[in-house]
Amino acid sequence: EHQAPIYLKRVTSSTHDDLKQLLVDAPGKTLTPGTCVLAEMQTRGRGRRGRTWLSPFGSNLYASFYWPLPEGLNSALGLSVAVGLRLAQILEQAGIQGVSVKWPNDVYIQGAKVAGVLVELEGEPTGEGHALIGIGLNLSMPERFTQNIEQPYTDVQKHLDAPLNRHQWAVTLIRGVTDVLEQFRRHGLADLVTEWRRLDHFYNQPVNILLGQHVQQGVGQGIDNYGALLVRQGSGLKRYFGGEISIRAR
Ligand code: ATP
Ligand code: BTN
């Protein structure tokens with residue numbers, strides 16, 4: 001079995017773009033599963049739906065992973081859920097309190113965003129395809145960071161007593177992500193749904209579901225086996241699959 005390569009960059013536009021370029025240049029247009037691009041800074045980091053992921057130089061980690069989906073893109077619905085959950089577990093294992101996940105892709109410490117996951121799919125819905133899985137993890141935001149982030153954010157260092165070891169965190173991140181991708185490939189989300197509930201920021205909480213201009217009220221009920229968001233609305237349980245949905249506290 002091939003070891004997946006790790007590409008290290010100091011500055012890049014976006015590790016997602018780097019991964020796409022590697023794919024274009026690769027013989028057979030395919031990469032070893034788990035191939036990773038890791039950068040120290042991005043000039044055009046992005047989040048969901050064209051939003052910006054601020055990616056200053058400091059100790060933060062910006063990484064993108066290649067992952068094939070031979071069974072088609074439908075199997076990918078739970079990918080960002082699985083990866084976000086693993087990030088949350090990694091933070092907890094480092095001794096950090098108050099870690100939670102927000103569907104489908106955010107990780108929080110005490111209500112402030114510390115990491116995000118961005119999954120892009122390429123290929124045919126029913127045929128073969130692959131996922132590009134991007135992770136931004138704030139280890140230590142630069143001291144004089146003044147750019148505006150319109151929601152509360154934090155970094156790992158603020159929640160640790162001792163100075164963190166960035167190399168160690170990079171290893172833990174790469175290991176954790178590749179491990180959970182393998183778990184997801186074999187078992188889907190089956191073993192993760194209960195764990196999601198434990199860490200779910202909105203479990204049993206009143207929420208607003210934003211669908212474009214529409215807002216619906218409900219109570220968070222975690223996720224199903226496919227990674228869909230479950231919301232109690234009146235006496236019914238509603239499932240949300242789409243990527244165009246945001247969940248907010250009510
Ligand atoms: P949702 O995914 O529910 O729609 P969201 O507002 O968190 O919510 P995302 O696309 O997941 O949207 O993340 C992008 C947002 O994350 C940005 O609009 C900004 O508010 C915030 N953000 C950007 N850079 C950082 C960073 N380095 N650390 C924490 N938060 C950031
Ligand atoms: C989000 O919360 O919307 C997801 C943010 C994902 C950011 C990472 S950083 C590495 C990769 N490259 C990007 O441009 N975005 C992702």
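Each value, and the rule that gives it
Residues numbered from 1 in each chain as written. Chains lettered and ligands numbered in written order. Predicted model: local features only at pLDDT ≥ 70, side-chain atom pairs only at ≥ 80, totals over all residues. Heavy atoms only, no water. Near = heavy atom within 4 Å. Polar contact = N/O pair within 3.5 Å; in protein donor to acceptor, adjacent residues only side chain to side chain. Areas by Shrake-Rupley, 256 points an atom, 1.4 Å probe, with all protein chains shown as cover. Nonpolar A, V, L, I, M, F, W, Y, C, P; charged D, E, K, R; others polar. Salt bridge = Lys/Arg side-chain N within 4 Å of Asp/Glu carboxyl O. Helix = DSSP H or I, 4+ residues; strand = E, 2+ residues; numbered from the N terminus. Buried < 20%, exposed > 50% of the residue type's maximum accessible area, 1.4 Å probe, protein only. Pairing = 2+ DSSP bridges. Axes fitted to C-alpha atoms, helices over the stretch in contact; angles between N-to-C directions.

### Brief notes about the site of ligand 1
Taken together, 19 residues form the shell around ligand 1, and within it R51, K113, N138, E150 and S246 come nearest. In the model, an oxygen atom of ligand 1 is placed 2.8 Å from a nitrogen or oxygen of the R51 side chain. Protein chains shield 96% of the accessible area of ligand 1, which is 620 Å² for the free molecule. Of the residues in the shell around ligand 1, the class split is 5 nonpolar, 6 polar and 8 charged.

### Some words on the pattern of salt bridges
Taken as a whole and judged by the stated rule, the model has 14 salt bridges. A salt bridge links R46 to D17; the shortest N-O distance between them is 3.1 Å. Residue R46 is found in the loop between β2 (36-42) and β3 (61-69), and its partner D17 is found in helix α1 (residues 15-25); the two are separated by 29 residues along the sequence. Classification of D17 as partly exposed rests on a relative accessible area of 30%. D179 serves as the salt-bridge partner of R86, at 2.9 Å between the closest nitrogen and oxygen. Note that R86 is positioned in helix α2 (residues 79-93) and D179 in helix α3 (residues 166-187), a separation of 93 residues in sequence. Here the salt bridges share partners, and the residues they tie into one network are D17, K20, R46 and E120.

### Some remarks on the sheet that holds strand β7 (residues 129-137)
Judged by pairing direction, the sheet is mixed, and its 7 strands sit side by side in the order β1-β2-β3-β7-β6-β5-β4 without closing on themselves. Edge strands, defined here as strands with exactly one partner in the open sheet, are β1 (6-12) and β4 (99-102). Averaged over neighbouring strand pairs, the angle between their axes works out to 20 degrees when direction is ignored. Sheet analysis places strand β5 (residues 106-109) next to strand β6 (residues 112-123), joined by 4 bridges and oriented antiparallel.

Everything listed here is a matter of geometry and, on its own, says nothing about what the molecule does.
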